[in-house]
Amino acid sequence: LFTPGVYQSITSILITGDLTLDAQGDPNASFIFQSSSTVGAAAGAISPGPHTRILLVNGAKASNVFWQAGTSATLGTFSEFQGNILASASITMGTGATSCGRLFAGAFTDGAFVFDSNVVSVPGHPNAPAGCQ
């Protein structure tokens, strides 16, 4: 469970299982995760099987969550990711992975996106799935 704030890792960030972000009732709460290396979500099985999820509770919004990768970001198969990714190099999404948030690759280098049967939604957009804010 994480509350609003800035979190830094001098190595990689790898999310496995469920990660809960709790805004504690503040609709403007911000969560910033910075990695000197990679940001990733572990691969899993298609729902209802076990897979990585980011859960937003008590007013948390994907539009107020930021993931900064010093190199690249990889969202494993069938992971459910929330938040904006800013990757220095590339962003790769495994088969069936979904993301509610904006994706920016190549912030400092030539970037690349690699997608495979994915859904990426812009938070708050009229066509975004329910709960993607």
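In case you missed it, the structure is sitting above this.
Within every chain, residues take consecutive numbers counted from 1 along the sequence as written. Predicted model: local features are reported for residues with pLDDT of at least 70 only, side-chain atom pairs are reported and counted for 80 or more only, and whole-chain, interface and lining totals are derived from all residues. The basis for every side-chain value is the complete set of non-hydrogen atoms in the structure, without hydrogens or water.

**Q** I'm lost on the overall build of the protein chain in this one. Help?
**A** A tally of helices and strands in the protein chain yields 0 helices and 15 strands. Just to be clear, the radius of gyration here is over C-alpha atoms, and the globule rule we use is 2.2 Å times residues to the power 0.38. Relative to the globule expectation of 14 Å for 133 residues, the C-alpha radius of gyration of the protein chain, 14 Å, shows essentially globular dimensions. Between two residues, a contact is recorded if the distance between any of their heavy atoms is within 4.5 Å. Contacts in the protein chain between residues at least 24 apart in sequence constitute 47% of all its contacts with a sequence separation of at least 6. Secondary structure counts use DSSP, requiring at least four H or I residues in a row for a helix and at least two E residues in a row for a strand, with both numbered from the N terminus.

**Q** I keep staring at the sheet that holds strand β4 (residues 31–35) and nothing clicks. Help me out?
**A** The pairing of strands in a sheet happens through backbone hydrogen bonds and is either parallel or antiparallel. Note: two strands are recorded as paired if DSSP finds a minimum of 2 bridges between them. In spatial order, the strands read β1-β4-β7-β10-β13; together these 5 strands make up an open sheet with parallel pairing. At either margin of the open sheet sits one strand with a lone partner, and together these are β1 (5–9) and β13 (103–105). Direction aside, the axes of adjacent strands within the sheet are offset by 10 degrees on average. For helices, the fitted axis covers only the stretch in contact; all axes are lines through C-alpha atoms, and the angles between them, taken along N-to-C directions, range from 0 to 180 degrees.

**Q** What is the right way to read the state of the cysteines from this model?
**A** Note on terminology: disulfide describes a covalent bond linking the sulfur atoms of two cysteines. A pair of cysteine sulfur atoms is labelled a disulfide when the two atoms are within 2.5 Å. If you walk through the whole model with that rule in mind, you get 1 disulfide. Here Cys100 engages in a disulfide with Cys132; their sulfurs sit 1.9 Å apart. Across the disulfide from Cys100 to Cys132, rotation about the S-S bond amounts to roughly 95 degrees, and the bridge is consequently right-handed. In this pair, Cys100 sits in strand β12 (residues 98–100) while Cys132 sits in the segment after β15 (119–121), placing the two residues 32 residues apart along the sequence. Cys132 matches Cys100 in its accessibility class, with the two residues each being buried. Only protein chains enter the accessibility calculation, which uses a 1.4 Å probe; a residue is then buried when its area is under 20% of its type maximum, exposed when over 50%, and partly exposed in between.

**Q** Where do I start with the sheet that holds strand β2 (residues 13–15) in this structure?
**A** Across the sheet, 5 strands lie side by side as β2-β5-β8-β11-β14; this open sheet has parallel pairing. If you trace the sheet from one side to the other, it starts and ends with β2 and β14 (112–114), each paired once. Each adjacent strand pair in this sheet contributes to an overall mean axis angle of 5 degrees, direction not counted. Inspection of the sheet shows strand β5 (residues 39–41) paired to strand β8 (residues 73–75) by 3 bridges, in the parallel sense. If you follow Val39 over to β8, its bridge partner there is Ala73.

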